[in-house]
Amino acid sequence: MRPGVLLLGSFVALGLAGCAGYKLGPSNDMSAGAKSVQINPFANKTLEPRLSEAVTYALRKNLQQHGTFRLDTHGDGDIIVTGVVTRYTRHPLSFQPKDIVSVRDYRLTMTVQITARERNGGKVILDREVTGFTTVQQGNDLTSEERQVIPVLADNLAKNAVSFLADGSW
């Protein structure tokens, strides 16, 4: 047998073995859109304004994009999601060359306590802290730059939250 054919056969076998655990559709054994989710506006316990609006919007958008659940905007979803923005922090990530005092990049982190309950019976499906992060580059106006990246931060957090909600074992 030719070495090239043997090598090609090995790659095909490895490729097929790598896909053996893949499953098409939602990962929690529900059919897509079988349950609807109502997302209530989040509370904000931080000093940073407008975080709750960004998180609520990003969570709704990511839930629709994920496709496991239907977003219910009329207040009668099967699952009710509530949450509280508990932390918003800015940590220095990198400094200006030859200047160990001036920050060049910051890492922004936001944490929410998210709770998902079934409408009927009130069973808690999800109750945990979820964190998102992004980086922002220091420029002339850090406040404006942070304001511009808050949607990116909220989107990162929402992807994590939707993943926990969709991949739950309930």
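Anything mentioned here points back to the structure above.
A short tour of the structure in this document, coming up. (Residues numbered from 1 in each chain as written. Predicted model: local features only at pLDDT ≥ 70, side-chain atom pairs only at ≥ 80, totals over all residues. Heavy atoms only, no water.)

Re the pairing of strand β4 (residues 79-95)
Filter applied, for reference: DSSP calls a pair of strands paired once it identifies at least 2 bridges connecting them. Each helix corresponds to a stretch of at least 4 residues labelled H or I by DSSP, and each strand to a stretch of at least 2 residues labelled E; elements are numbered beginning at the N terminus.
Pairing of strand β1 (residues 36-39) with β4 involves three bridges; the strand directions are parallel. Along β4, the bridge assignment pairs V37 with I79. Of the strand pairs in this sheet, strand β2 (residues 43-44) and β4 are connected by two bridges, and their pairing is parallel. Paired with A43 across the strands is V84, a residue of β4.

Description of the side chain of E145
Put simply, the rule reads: Burial status follows relative accessibility: with a 1.4 Å probe on protein chains alone, a residue under 20% of its type maximum counts as buried, one over 50% as exposed, and anything between as partly exposed. In this tally Asp and Glu are treated as negative and Lys and Arg as positive; neither His nor the chain ends contributes. Definition used for salt bridges: Asp or Glu carboxyl oxygen within 4 Å of a side-chain nitrogen of Lys or Arg. Counted as a polar contact is a pair of N or O atoms within 3.5 Å, where, for protein atoms, one must be capable of donating a hydrogen and the other of accepting one, and residues adjacent in sequence contribute only when both atoms are in side chains. Throughout, a contact is declared for two residues whenever any of their heavy atoms are within 4.5 Å.
Take E145: it is sitting in helix α3 (residues 142-166). For E145, which is buried and forms no salt bridge, the nearest opposite charge comes from R90, at a distance of 9.1 Å. Within the structure, the side chain of E145 is placed 2.9 Å from the backbone nitrogen of G139, a separation counted as a polar contact. With residues near it in sequence (within four places) discarded, E145 still touches V136, Q137, Q138, G139 and N140.

Observations concerning empty space enclosed by the protein
Let me state the cut-off plainly: As defined here, a cavity is a set of points on a 1 Å grid over the protein atoms alone where a 1.4 Å probe fits but cannot get out. A pocket is an open set with protein on both sides within 12 Å along at least five of seven lines, and residues line them when an atom is within 4 Å of a point. Grid points are joined across faces, edges and corners, and a volume is the space filled by probe spheres set on the points. Lys, Arg, Asp and Glu make up the charged group, whereas Ala, Val, Leu, Ile, Met, Phe, Trp, Tyr, Cys and Pro make up the nonpolar group; the residues left over, Gly among them, are polar.
In total, this model carries one cavity of 30 Å³ or more according to the counting rule given. Looking at the largest cavity, its volume works out to about 60 Å³. If you go around the largest cavity, the residues you meet are V37, I39, L59, L63, V81, I114, A116, L126, A161, V162 and L165. Listed by contribution, the elements that provide at least two residues to the lining of the largest cavity are β1, α2 (51-66), β5 (103-118) and α3. Here the element with the most residues in the lining of the largest cavity is α3; it accounts for three residues. For the lining of the largest cavity, the class distribution of residues is 11 nonpolar, no polar and no charged.

Quick look at the pairing of β5
Examined bridge by bridge, β4 and β5 share 15 bridges and lie antiparallel to one another. Residue R90 lies in a different strand from β5, and its bridge partner there is L108. Relative to strand β6 (residues 124-137), β5 is paired through 13 bridges, and the arrangement is antiparallel. Bridged to R117 within β6 is V124.

A few points about the layout of surface pockets
Here the largest pocket defines a volume of roughly 150 Å³. Lining of the largest pocket is provided by E48, P49, R50, A54, T143, E146, R147, I150 and P151. When residues in the lining of the largest pocket are grouped by element, the largest group, five residues, is from α3.

Some points on the side chain of T115
With respect to the helices and strands, the residue T115 is situated in strand β5. Residues in contact with T115, not counting those within four places in the same chain, are I80, V81, T82, V124, L126 and D127.

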